[in-house]
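# Topology and contacts: notes
Here is what each chain is made of, one letter per residue.
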Amino acid sequence: MMNHRGTHGRRQKEHAGLLQLRFVRVMALFALTPLMPQSAVATSDMKPDAGARPNVILIMTDDQGYGDLACHGNPWLKTPHLDRLHAESVRMTDFHVSAFCTPTRAALMTGRYPGRTGAFRTSSGRTMMHTDERTIAHVFRDAGYVTGMVGKWHLGDNAPHRPQDRGFDDVVWHRCGGVGQASDFWGNDYFDDTYERNGTFEKFAGYCTDVWFDESLRFIQANKDRPFFLYLATNAPHGPYRVDPQWAAPYQETATWGSAANFYGMIANIDHNMGRLRQRLDDLKLTENTLLVFMTDNGTSAGGKFPGLTAEPVAGYNAGMRGRKSCIYEGGHRVPCFVYWPAGGIGGGRDVDALTAHIDILPTLAELCGIAVPPAHHPDGLSFANLLESADARPQRDHLIVQYHGGAGAGAPLEPWVETCVLKDKWRLINGEALYNVSADPAQRNDISAAHPDVVQQLKAFYPPFWESVSPRLSAVSIDIGNPADNPTTLCSQDWYMPRGNPPWNFGSIRKRPKVTGPWNIHIRTAGTYRLTLRQLPQEANQPVKASTASVSVAGITAQQPVKPNSSGVVFELPLPAGKTQLKTQLTDQAGRSGGAYFVDVELLP
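Everything in this summary refers to the structure shown in the same document. Bear in mind that the values here come from a model prediction, so they are computed numbers and not experimental data.

## As for the pairing of strand S16 (residues 434–437)
- Bridge count for strand S15 (residues 427–430) against S16 is four bridges, and the pairing is antiparallel. The residue bridging Leu429 from the neighbouring strand is Leu435, located in S16.
- Following S15, the chain reverses through three residues before pairing antiparallel with S16; Asn431 in that reversal takes a positive phi of roughly 55°.

In structure tokens:
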């Protein structure tokens, strides 16, 4: 398995010194902890005292780019609490993620390239990780931490892919890639929504971001006396751009392109909630020994007016970079990353310009917390803990590869070099052809490949081993049916496994009943009789199916029946064998036009 570590021999002495320093710090923290009786130490379910190891809070916002912060030079946006965190933190100024939501989340959770995990697109059945992937939550939970996840998951809505299936003890989250998208709870619109708490839907009061921070504060309060790992991933400022007008009002006269005022208002609300969270940590006397990380998932979505995905903005602010969310130029994947841990000596307002990435977060946090990542995990990421602890440390990472498999709109083939950026130092090789030096040319206006053929060849040589190891994992991942942890379960058309392009993934398209269908990849966990209820809108909508006949094909069985007038669902009961297969549906109207059932409730009957 590739690690891209380069030569480490020259760094062993330096790394040993840093490990010794970290050992001294950890021992000092243990000294603050009262000694326990020997019998307690032998208890298998013992939880270390909160003073022994740092708590970890990993915060990631959605679609907030590098330039969407006042501390990064934005002339309009006001982010005083994030500015304060920036001033107090070690800042990774050349930190990169994937260009879109799901791939970044898969990389962050596993420390592995997203293509390797199987979750490399935002719909079409490619948002779920292979079941052999282990997450950062597993790593920390196995080390005695209680793990919590709040907000946006976007790595699967059904077992065995939900956050509670992936190592998190306490979860409050919304389904799909955004609040109000197809598999999210029907009627959610950012205000007073219904979200899922540990497998049960629950109605919440208030604005989505406020709810996520409220739930985070609840988790922190409940676990303040033992080490915890909290992953807080807001859906804001992802579209649709909805926020209480009080937050958008200050930007109505200055941010006049598109939905920028609301976009900035959503960020201002996040900033306000960051202030609340940090105040609660102070009140609980947890600030000193809490490792706090702030980052975002990709480039900006609405922080500027872009003539195209790869263009520079003609209005707004993008920190001088070219490109936005969904592109492989710098503005698509370079994002903020602030790290603050007072007790660990990490802070002071220092910039680190070494190349780092989302896949490095897991090994970095594990090393800082004294947790060994199991060898079987095979992370692609490299710890940058040494860079956080010492201004004189040498970086571990030599280069990085960003590939947006399928490209924007999933129209590109899954082939080598398509939608790629190879990064080394300040060089950027785009699609194996165009070369840029972002130190001299941050907007990537001048292709200098002809002047530096040696650099082009050096960067090109990094790619084939990456593709050879990652591409075999760009394969289908199945959803469980008949899993006792999620029975019944509801399948949504966003997970149809389409050869190219996106299936219906939002209610704007589903309400039009598009005449298209696709298969779900499913794993029938238990042989038995299954009830399948075909719908065009979810059960909560209670809307009639607009079709005359319905059919279903699964595991070599095909069944068909007429649709009863005013029926909100068409029910089939079928005996199904255990194993992996595909499920495909058709709803045909009287004119002979067919489309799929966008929702199917599947239940293993007793």
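Right, picking up where we left off after that structure.
## Re the packing of aromatic side chains
- Considering all chains together, one arrives at 26 aromatic pairs under this definition.
- Between Trp153 and Phe168 the ring centres are 5.9 Å apart and the planes differ by 85°, which places this aromatic pair in the edge-to-face class. Highlighted residues: Trp153 in the loop between strand S3 (146–152) and strand S4 (170–174) and Phe168 in the loop between S3 and S4, separated in sequence by 15 residues. Accessibility assignment for this pair places Trp153 and Phe168 in one class, buried.
- Their ring planes at 40° and their centres at 6.4 Å tell us that Tyr190 and Tyr207 sit as a pair that is tilted. Residue Tyr190 is found in the loop between S4 and strand S5 (194–197), and its partner Tyr207 is found in the loop between strand S6 (200–203) and helix H7 (208–222); the two are separated by 17 residues along the sequence.
- For Tyr190, a relative accessible area of 0% gives the class buried.
- In textbook terms, an aromatic cluster arises when at least three aromatic residues are bridged by ring pairs, as seen for Trp76, Tyr241, Tyr251, Trp257, Phe263 and Tyr264.

## Section: the state of the cysteines
- This structure, assessed with the given rule, holds zero disulfides.
- Cysteine Cys71 remains unbridged, with the sulfur of Cys337 as its closest cysteine sulfur at 13 Å.
- Judged by its relative accessible area of 22%, Cys71 falls in the partly exposed class.
- The thiol of Cys208 is unpaired, and the distance to the nearest cysteine sulfur, on Cys101, comes to 14 Å.

## Quick notes on the side chain of Asp94
- Along the chain, Asp94 turns up in strand S2 (residues 90–96).
- Classification of Asp94 by relative accessible area gives buried; the value is 2%.
- Separated by 2.7 Å, the side chains of Asp94 and His96 make a polar contact.
- When residues no more than four places from it in sequence are discounted, the contact partners of Asp94 are Glu330, Val352, Asp353, Ala354, Leu355, Thr356, Asp425, Lys426 and Arg428.

## Here we look at the nonpolar core
- Within the largest apolar cluster, 48 residues are counted, with the highest numbers of intra-cluster contacts made by Phe140, Phe229 and Tyr231.
- Among the elements that make up this core, the one with the highest residue count is helix H11 (residues 361–368) (five residues).
- The residues touching Tyr231, leaving out its near neighbours within four places in the chain, are Leu58, Met60, Arg105, Leu108, Met109, Gly148, Met149, Val150, Lys152, Trp153 and Phe168.
- One finds Met498, Trp520, Val545 and Phe599 within the second-largest nonpolar core, a separate group that totals 38 residues.

## Some points on the sheet that holds S5
- Here we have 10 strands laid out as an open sheet, ordered S6-S5-S4-S3-S7-S1-S8-S11-S2-S12, and mixed in their pairing. In the strand order of this sheet, the two ends are held by S6 and strand S12 (350–357), each with one partner. Shown here is a sheet whose adjacent strand axes are inclined to one another by a mean of 20°, direction ignored.
- Pairing geometry for S5 and S6, over four bridges, is antiparallel. Residue pairing in the sheet places Thr194 in a bridge with Lys203 of S6.
- Strands in contact with H7 are strand S1 (55–61), S3, S4, S5 and strand S7 (228–233); relative to S7, the strand with the most contacts, it is inclined by about 180°.
- Where helix H9 (residues 260–283) meets the sheet, it contacts S1, S7, strand S8 (290–296) and strand S11 (337–340), and its direction lies at approximately 175° from that of S1.

## What to know about the pattern of salt bridges
- The tally for this structure, following the rule as stated, stands at 34 salt bridges.
- The shortest N-O distance in the salt bridge between Arg218 and Asp170 comes to 3.1 Å. Placement of the pair is Arg218 in helix H7 and Asp170 in strand S4, with a sequence separation of 48 residues.
- Note that Arg525 is salt-bridged to Asp480, the shortest N-O span being 3.8 Å. Of the two residues, Arg525 is situated in the loop between strand S19 (520–524) and strand S20 (528–535) and Asp480 in strand S17 (residues 479–481); the sequence distance between them amounts to 45 residues.
- Assessed through its relative accessible area of 42%, Arg525 is described here as partly exposed.

## Examining H11
- Of all eight residues that make up H11, eight are buried, and the element is covered over most of its length.
- For H11, the complete set of buried residues consists of Ile361, Leu362, Pro363, Thr364, Leu365, Ala366, Glu367 and Leu368.
- Once H11 finishes, Gly370 follows within two positions and takes phi at roughly 70°, a positive value.

## Observations concerning helix H13 (residues 453–470)
- Helix length check: H13, at 18 residues, gives a terminal C-alpha distance of 26 Å against a target of 26 Å (1.5 Å per residue), a fit within 8%.
- For H13, every residue scored as buried is listed here: Val455, Val456, Leu459, Phe462, Tyr463, Phe466, Trp467 and Val470. On an axial view of H13, the arc spanned by its buried residues comes to 135°, and they lie on one face. Those residues of H13 that are exposed and angled more than 90 degrees off the buried face are Asp454, Gln457 and Glu468.
- Summarising the contacts, the buried residues of H13 are in contact with helix H5 (114–117), strand S13 (400–403), strand S14 (420–424), S15 and S16.

## A word on the sheet that holds S15
- The four strands are arranged S13-S14-S15-S16 in an open sheet whose pairing can be described as antiparallel. The sheet is open, and its two borders are formed by S13 and S16, each paired with just one other strand. When strand polarity is set aside, the average angle formed by the axes of neighbouring strands in this sheet is 20°.

Criteria and thresholds
- Residues numbered from 1 in each chain as written.
- Predicted model: local features only at pLDDT ≥ 70, side-chain atom pairs only at ≥ 80, totals over all residues.
- Heavy atoms only, no water.
- Pairing = 2+ DSSP bridges.
- Helix = DSSP H or I, 4+ residues; strand = E, 2+ residues; numbered from the N terminus.
- Phe/Tyr/Trp six-rings, centres within 6.5 Å; stacked < 30°, edge-to-face > 60°.
- Buried < 20%, exposed > 50% of the residue type's maximum accessible area, 1.4 Å probe, protein only.
- Disulfide = S-S within 2.5 Å.
- Polar contact = N/O pair within 3.5 Å; in protein donor to acceptor, adjacent residues only side chain to side chain.
- Contact = heavy atoms within 4.5 Å.
- Core = buried A, V, L, I, M, F, W, Y, C linked by side-chain atoms within 4.5 Å.
- Axes fitted to C-alpha atoms, helices over the stretch in contact; angles between N-to-C directions.
- Salt bridge = Lys/Arg side-chain N within 4 Å of Asp/Glu carboxyl O.
- Expected span 1.5 Å × (residues − 1).
- Arc of directions from axis to C-beta.

Shape descriptors only; they carry no functional weight alone.
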